[in-house]
Every structure is written in structure tokens, then in C-alpha cells.
Amino acid sequence: MSGGGDEPFIAAVKPLVDAMGGEMIPPDEAGPDDVVLAWEGRDAVAVRLPQLADSLDHILAAMERRKGMPLADLDRRAKQEVVRILEARGAFSVRHGVETVASALGVSRFTVYNYLNREKGA
């Protein structure tokens, strides 16, 4: 990345970039879809954002780490909670989102739709 005093800033934003599945690149390599972050008046780092489908995989992996077990091993209520959180984060607007989540939870697509409909009816 950049030289100078940018290292603390880069270290500070790295966990966020990692959590969302982004990639940090030198600002002079940034493309039109990358986000360039400035620090103290200079471009410090560019962030290449992930594709939405990749973001969903990162979100699922983070949820597994937080739960301390594979999502498929959770009980029914915990799986319903995961679906509610994922819906709030837009996971089901991603192409094949329902299939991806169903696979991670070890349930059918039909079950995921039931969980979604249950939330709407509650």
C-alpha cells in the first residue's frame, strides 16, 4: 500500500474489509468500481468490493464462526434466527441466495421459504 503514516489507518480498516470479503489494493491500481480511501489528505488504500454472491459466502462463514459450529448443526429456532438475520442483510436478493442459505443450513429451499413466510406472518 502507500508509504508514510498510512499504516495505522490501513490496519484500522482491514478487519472491516476482511469481514465483508473485500480486497485491499494500492490506490494507484484502483479501477472504476473500487473505493479509494483517503487518510490525512492522501489516497491511502483502495478497496475492491466483493461480488454479492461472494459476500453471502463471507456472511455465512462469519455466522458459523460466531456460532462456533456449522450452521447445519443448529437447532430449528437458531436456523430461523439465521434466516431472519440474512433476510435483513439482503441475502435473498442475491441470485441463488435461497439455495446457498438452504445448503449452508442443511435444509431444503422449501424450509427456507417457510422460515421467511413465518417471519412475515408473525
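Residues numbered from 1 in each chain as written. Predicted model: local features only at pLDDT ≥ 70, side-chain atom pairs only at ≥ 80, totals over all residues. Heavy atoms only, no water.

Under an unreviewed UniProt entry, the chain has the name Helix-turn-helix domain-containing protein and belongs to Streptomyces indiaensis.

(A) Highlighting the overall build of the chain. A tally of regular secondary structure across the chain gives five helices and three strands. Listing each helix as α and each strand as β along the chain from the N terminus yields α-β-β-β-α-α-α-α. For 122 residues, the compact-globule formula gives about 14 Å, and the C-alpha radius of gyration of the chain, at 18 Å, lies well above that figure. Taking the principal axes of its C-alpha atoms as reference, the chain extends roughly 55 × 30 × 25 Å. When burial is assessed residue by residue, the chain has 34% of its 122 residues classed as buried. Long-range contacts, defined here as pairs at least 24 residues apart, represent 50% of the contacts in the chain between residues at least 6 apart. A total of about 7,600 Å² of accessible surface is found on the chain, and carbon and sulfur atoms cover 52% of it. Distance between charge centroids for the chain: 12 Å, based on 15 positive and 19 negative side chains. (Helix = DSSP H or I, 4+ residues; strand = E, 2+ residues; numbered from the N terminus. Rg over C-alpha atoms; globule rule 2.2 N^0.38 Å. Buried < 20%, exposed > 50% of the residue type's maximum accessible area, 1.4 Å probe, protein only. Contact = heavy atoms within 4.5 Å. Areas by Shrake-Rupley, 256 points an atom, 1.4 Å probe, with all protein chains shown as cover. Lys, Arg positive; Asp, Glu negative; His and termini not counted. Charge placed at Lys NZ, Arg CZ, Asp CG, Glu CD.)

(B) Looking closely at the nonpolar core. Within the largest apolar cluster, 19 residues are counted, with the highest numbers of intra-cluster contacts made by L71, V82, L86, V101, L105 and V112. The next biggest cluster of nonpolar side chains, apart from the first, holds eight residues, and it includes F9, V13, A44 and V45. (Core = buried A, V, L, I, M, F, W, Y, C linked by side-chain atoms within 4.5 Å.)

(C) Examining the side chain of D6 more closely. Looking at the secondary structure, you find D6 in the segment before α1 (7-19). Look past the residues within four positions of D6 in its chain and what remains in contact with it is W39, R42, D43 and A44.

(D) Expanded view of the pairing of strand β3 (residues 42-48). Relative to β3, strand β1 (residues 23-25) is paired through three bridges, and the arrangement is antiparallel. Paired with E23 across the bridge in β3 is R48. Where strand β2 (residues 35-39) meets β3, five bridges bridge the pair, whose relative direction is antiparallel. Each bridged residue has a counterpart across the sheet, and for V35 the counterpart in β3 is V47. Hairpin connection from β2 to β3: two residues lie between these consecutive antiparallel strands, with E40 at a positive phi of about 50°. (Pairing = 2+ DSSP bridges.)

(E) Molecular detail of a positive patch on the surface. A cluster of like positive charges, contributed by R65, R66, K67 and R89, occupies part of the molecular surface. Note on R65: relative accessible area 61%, which makes it exposed. (Patch = residues over 30% accessible without salt bridge, like charges linked within 9 Å, V, L, I, M, F, W, Y side chains within 5 Å. Salt bridge = Lys/Arg side-chain N within 4 Å of Asp/Glu carboxyl O.)

(F) Molecular detail of the side chain of Q80. As for its position among the elements, Q80 is in helix α3 (residues 76-88). In this structure, Q80 is in contact with Y115 and R118, ignoring residues within four places of it in sequence.

(G) Spatial organisation of the sheet that holds β3. Spatially, β1-β3-β2 is the arrangement adopted by the three strands of the open sheet, whose pairing is antiparallel. For this open sheet the edge positions go to β1 and β2, each flanked by a neighbour on one side alone. Direction aside, neighbouring strands of the sheet carry axes that sit 35° apart on average. (Axes fitted to C-alpha atoms, helices over the stretch in contact; angles between N-to-C directions.)

(H) Representation of the pattern of salt bridges in the model. The final tally for this structure, using the stated rule, is five salt bridges. One salt bridge connects R48 with D34, and the closest N-O pair in it is separated by 2.8 Å. Of the two residues, R48 sits in strand β3 while D34 sits in the loop between β1 and β2, which places them 14 residues apart along the sequence. For R84, the salt bridge goes to E81, with nearest N and O atoms at 2.7 Å. With R84 and E81 both in helix α3 and three residues apart, the pair spans about one turn of that helix.

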